[in-house]
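Chains, contacts and geometry: an overview
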Amino acid sequence: MSDEPQTEDPMVAALLREREGLKQRGLDDRVKQVDEQLKFHGYRPRRTAAKEPTPPPTPPEGPEAGAPKGRQQQPTQKT
């Protein structure tokens, strides 16, 4: 994997692999424990890494989905 962090310390490398697997499985409490061990071993994450991308907003559904934005015309009354 090319996006894997580069480190000379085999313990830090193992902890980073473990952390990634735990994160993918959604075990946030265990991720925090691994983060503590990484800190103990002197690992400092880089701040240049981008956060996970936010998914684009989903378009609205229903009758207002196709309504134009801005000033809306009022329906005319029949007499």
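Look a little higher up for the structure.
The numbering scheme is per chain: residues are counted from 1 as the chain's sequence reads. Note on the predicted model: pLDDT of at least 70 is required for a residue's local features to be given, and 80 or more for side-chain atom pairs to be given and counted; whole-chain, interface and lining totals, by contrast, use all residues. Hydrogen atoms and water are omitted, and side-chain values are computed over all heavy atoms in the structure.

Examining the nonpolar core
- Throughout this description, the term nonpolar core refers to a set of buried Ala, Val, Leu, Ile, Met, Phe, Trp, Tyr and Cys residues connected via side-chain atoms within 4.5 Å. In this scheme, a residue with accessible area under 20% of its type's maximum is buried, one over 50% is exposed, and one in between is partly exposed, where area comes from a 1.4 Å probe on protein chains only. Core analysis: the biggest nonpolar cluster contains seven residues, these being Val12, Leu15, Leu16, Leu22, Val31, Val34 and Leu38.
- If you tally residues by element for this core, the top one is helix H1 (residues 10-25), at four residues.
- Setting aside residues no more than four positions away along its own chain, Leu38 makes contact with Val12, Leu15, Leu16, Arg19 and Tyr43. Helix and strand assignments come from DSSP, with helices taken as H or I runs of at least 4 residues and strands as E runs of at least 2, each series counted from the N terminus. Contacts between residues were defined by any pair of non-hydrogen atoms, one from each residue, lying within 4.5 Å.

Things to note about H1
- An expected span of 1.5 Å times one less than the residue number is assigned to each helix. Compared with an ideal rise of 1.5 Å per residue, which puts 16 residues at 22 Å, H1 spans 23 Å between its outermost C-alpha atoms and is within 8% of the ideal.
- When H1 is considered as a whole, its buried residues turn out to be Val12, Ala13, Leu15, Leu16 and Leu22.
- Buried-residue contacts for H1 involve helix H2 (28-40).
- Trailing H1 by a residue or two, Gly26 shows a phi angle of about 80°, which is positive.

Description of the environment of Leu15
- Summarising the element assignment, Leu15 is placed in helix H1.
- For the pair Leu15 and Val31, spaced 16 residues apart in the sequence, the C-alpha separation amounts to 9.8 Å.
- If we ignore the near neighbours within four places in the chain, the residues touching Leu15 are Val34, Gln37, Leu38 and His41.

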